[in-house]
Amino acid sequence: MNSRPAPFDELDRKIVTALMANARTSFAEIGAAIGLSSTAVKRRVDRLRETGVITGFTATVRPSALGWRTEAYVEVYCEGARARRLAEVVRNHPEIAAAMTVTGGADALLHVRARDVEHFEEVLERIRQEPFIRKTISVMVLSHLLPDSPEAGVSQPAPRDAPDVR
């Protein structure tokens, strides 16, 4: 494998920007906007996919349309260095939309989506049952100030097998 990064020029940047705004934009439309043929745009998109610049194409869906009506961020504080173990745990919770290790007091930050507050509480209790988790601090999302941002959408439906706590 080539260790040199693939060239990424201004035309590539314009193509990526257009696809990020609307992944359904045709190569012909993008080409017309940036001065390339649709074939040239396709070749560049193929190269960007092969080199890992473009990792996929998804639909952004309003979470409430899929049953996710409650959203929170959860700071997780662990006993010792347990980031690898936490990565295993979060994969077992379909309600966790994103998880990352962070700087500061917390060891990790979880982005949780749930049907309602009761469902969120049940998810939080499942997370807290892990023996290495010392404490959690939750912050509920009231509204998105940037409603068109990726964080305001979701690319997966609420799991059918998620426990119903009602």
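Relevant structure appears above.
All of the points below concern the structure found in this document.

Let's shift gears to the pairing of strand β1 (residues 70-78). Among the nine residues in β1, seven count as buried, and that is most of the element. Sheet analysis places β1 next to strand β3 (residues 108-114), joined by seven bridges and oriented antiparallel. Following the sheet pairing, T70 is matched in β3 by A114. Two strands pair when backbone bridges link them, and β1 and strand β4 (residues 133-140) are joined in this way by seven bridges, in the antiparallel orientation. Each bridged residue has a counterpart across the sheet, and for C78 the counterpart in β4 is I133.

Looking now at helix α2 (residues 27-34). Helical geometry: 3.6 residues make up each α-helical turn, so side chains three or four residues apart lie on a common side. Buried residues of α2: I30, G31 and I34, and no others. The arc enclosing the buried residues of α2, seen along the axis, measures out at 100°, which places them on a common side. Residues of α2 that are exposed and point over 90 degrees away from its buried face: A32 and A33. Where α2 is buried, its residues touch α1 (10-21) and α3 (38-50).

This part is about the packing of α1 against α3. Running from amino to carboxyl end, α1 crosses α3 at an angle of 85°, the nearest separation of the two axes being 11 Å. Here α3 runs roughly perpendicular to α1, going by the angle between their axes. On the side of α1, the interface is formed by L11, D12, I15, V16 and L19, while α3 contributes V41, R44, V45, R47 and L48. Its residues assigned to classes, the contact of α1 with α3 comprises seven nonpolar, no polar and three charged.

Moving on to the sheet that holds strand β2 (residues 96-101). Paired through backbone hydrogen bonds, the strands of a sheet run either parallel or antiparallel to each other. Pairing in this open sheet of four strands is antiparallel, and the strands run β2-β3-β1-β4 from one edge to the other. In this open sheet, the two strands that pair with only one neighbour each are β2 and β4. Going across the sheet, the axis of each strand differs from the next one's by a mean of 20°, ignoring polarity. With respect to the sheet, helix α4 (residues 83-90) is in contact with β1, β2, β3 and β4, its orientation differing from that of β2 by roughly 175°. In the packing of helix α5 (residues 117-128) onto the sheet, contacts are made with β1, β2, β3 and β4, and the angle to β4 comes to roughly 160°.

This next bit is on the packing of α2 against α3. Here α2 crosses α3 at 105°, and the two axes come no closer than 8 Å. As the angle between them shows, α2 and α3 are arranged roughly perpendicular. For the pair α2 and α3, contact is made by F27, A28, I30 and G31 and by S38, V41, K42 and V45, respectively. Of the residues belonging to the contact of α2 with α3, the class tally is five nonpolar, two polar and one charged.

This paragraph deals with the pattern of salt bridges. Within this structure, the stated rule accounts for 12 salt bridges. Taking the shortest distance from any N to any O, the salt bridge between E71 and R113 comes out at 3.5 Å. With a gap of 42 residues between them, E71 in strand β1 and R113 in strand β3 connect regions that are remote in the sequence. Taking the relative accessible area as the measure of exposure, E71 reaches 8% and is therefore buried. According to the relative accessible area criterion, R113 is buried, its value standing at 3%. Salt-bridge contacts for R126 lead to E122; the nearest nitrogen and oxygen are separated by 2.5 Å. Taken as a pair, R126 and E122 lie in helix α5 at a separation of four residues, close to a single helical turn. Judged by its relative accessible area of 18%, E122 falls in the buried class. Among the ionic contacts, a cluster of salt bridges with common partners joins D9, D12, R44 and R47.

Thresholds applied
- Residues numbered from 1 in each chain as written.
- Predicted model: local features only at pLDDT ≥ 70, side-chain atom pairs only at ≥ 80, totals over all residues.
- Heavy atoms only, no water.
- Buried < 20%, exposed > 50% of the residue type's maximum accessible area, 1.4 Å probe, protein only.
- Helix = DSSP H or I, 4+ residues; strand = E, 2+ residues; numbered from the N terminus.
- Pairing = 2+ DSSP bridges.
- Arc of directions from axis to C-beta.
- Contact = heavy atoms within 4.5 Å.
- Axes fitted to C-alpha atoms, helices over the stretch in contact; angles between N-to-C directions.
- Parallel < 35°, antiparallel > 145°, perpendicular 65-115°, else oblique.
- Nonpolar A, V, L, I, M, F, W, Y, C, P; charged D, E, K, R; others polar.
- Salt bridge = Lys/Arg side-chain N within 4 Å of Asp/Glu carboxyl O.

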